[in-house]
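# Chain and residue survey
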Amino acid sequence: MNWTRVCSTDDIADAGLKDIEIAGTKILVTRSGDEFFAYPLRCPHLDEPLSTGMCDGETLTCSFHLWQWNLRSGKSTGEAEIDLLKYPVRVTGKDVEVDVSQVLDYD
Ligand code: FES
């Protein structure tokens with residue numbers, strides 16, 4: 001694994017969405033309680049940024065055409081035809097670290 005610190009745990013509120021760029025890779029970091037998750041920033045539908053979406057409990061919703069996924073698994077929970085790809089995340093102290101060494105692409 002190639003861990004990179006992306007933010008502090010204090011930088012994202014519960015159910016918050018934050019877009020972050022790491023070495024040219026744009027990701028979405030989300031939080032549910034004490035757990036953090038990271039996905040490619042672009043929606044697999046039409047490439048719009050998921051950071052403008054909504055997070056309600058366990059559900060992440062893209063604001064453009066309302067595709068939805070389980071926040072923890074990235075699995076589709078509604079009309080979304082594609083599951084989200086996930087980056088590995090770990091929390092070390094107050095540091096949220098993500099491994100973006102693997103290229104995740106919906107094409
Ligand atoms: S761009 Fe996200 S649902 Fe269409």
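Within the chain, Ala23 stands out as a residue other than glycine whose phi angle is a positive 45°. Following the sequence through the fold, Ala23 ends up in the loop between β2 (17-22) and β3 (25-32). The class of Ala23 is exposed, set by 7 C-beta atoms lying within 10 Å. For Leu66, which is not glycine, the phi torsion reads 65° and is therefore positive. Note that Leu66 resides in the loop between β6 (59-61) and β7 (68-70).

Further remarks concern the sheet that holds strand β4 (residues 35-40). In space, the 3 strands of this open sheet follow the order β2-β3-β4, with antiparallel pairing throughout. Each edge of the open sheet carries a strand with a single partner, namely β2 and β4. Going from strand to strand, the sheet's axes swing by 30° on average, the running direction of each strand aside. Here 6 bridges tie β2 to β3, and the two strands are oriented antiparallel to one another. Bridge pairing in β3 links Lys18 to Val29.

So, about the environment of Lys18. Mapped onto the elements, Lys18 comes out in strand β2. Along the backbone, Lys18 and Gly74 are 56 residues apart, and their C-alpha atoms lie at a distance of 16 Å. Those residues within four positions of Lys18 in sequence are excluded, and the remaining contacts are Cys7, Asp11, Ile12, Val29 and Ser51.

Once that is clear, we can look at the nonpolar core. By size, the foremost hydrophobic cluster in this structure holds 25 residues, and its most contacted members are Ile27, Leu28, Val29, Ala38, Tyr39 and Leu50. Put simply, the parts of the chain that give this core at least two residues each are β2, β3, β4 and β9 (95-99). Broken down by element, this core gets its largest block of residues, 4 residues, from β4. Not counting chain neighbours up to four residues away, the residues in contact with Ile27 comprise Ile20, Ile22, Ala38, Tyr39, Pro40, Leu41, Tyr87, Val98 and Val100.

Bringing the pairing of strand β8 (residues 89-92) into the picture now. In this sheet, β9 lies alongside β8 in antiparallel orientation, the contact comprising 4 bridges. The partner of Thr92 across the bridge, within β9, is Asp95. The antiparallel pairing of β8 with β9 creates a hairpin that spans 2 residues between the two strands, and Gly93 there sits at a positive phi of about 65°.

Reading the values: rules and limits
Residues numbered from 1 in each chain as written. Predicted model: local features only at pLDDT ≥ 70, side-chain atom pairs only at ≥ 80, totals over all residues. Helix = DSSP H or I, 4+ residues; strand = E, 2+ residues; numbered from the N terminus. Buried ≥ 20, exposed ≤ 12 C-beta atoms within 10 Å, placed from the backbone. Pairing = 2+ DSSP bridges. Axes fitted to C-alpha atoms, helices over the stretch in contact; angles between N-to-C directions. Contact = placed C-beta atoms within 7 Å. Core = buried A, V, L, I, M, F, W, Y, C linked by C-beta atoms within 7 Å.

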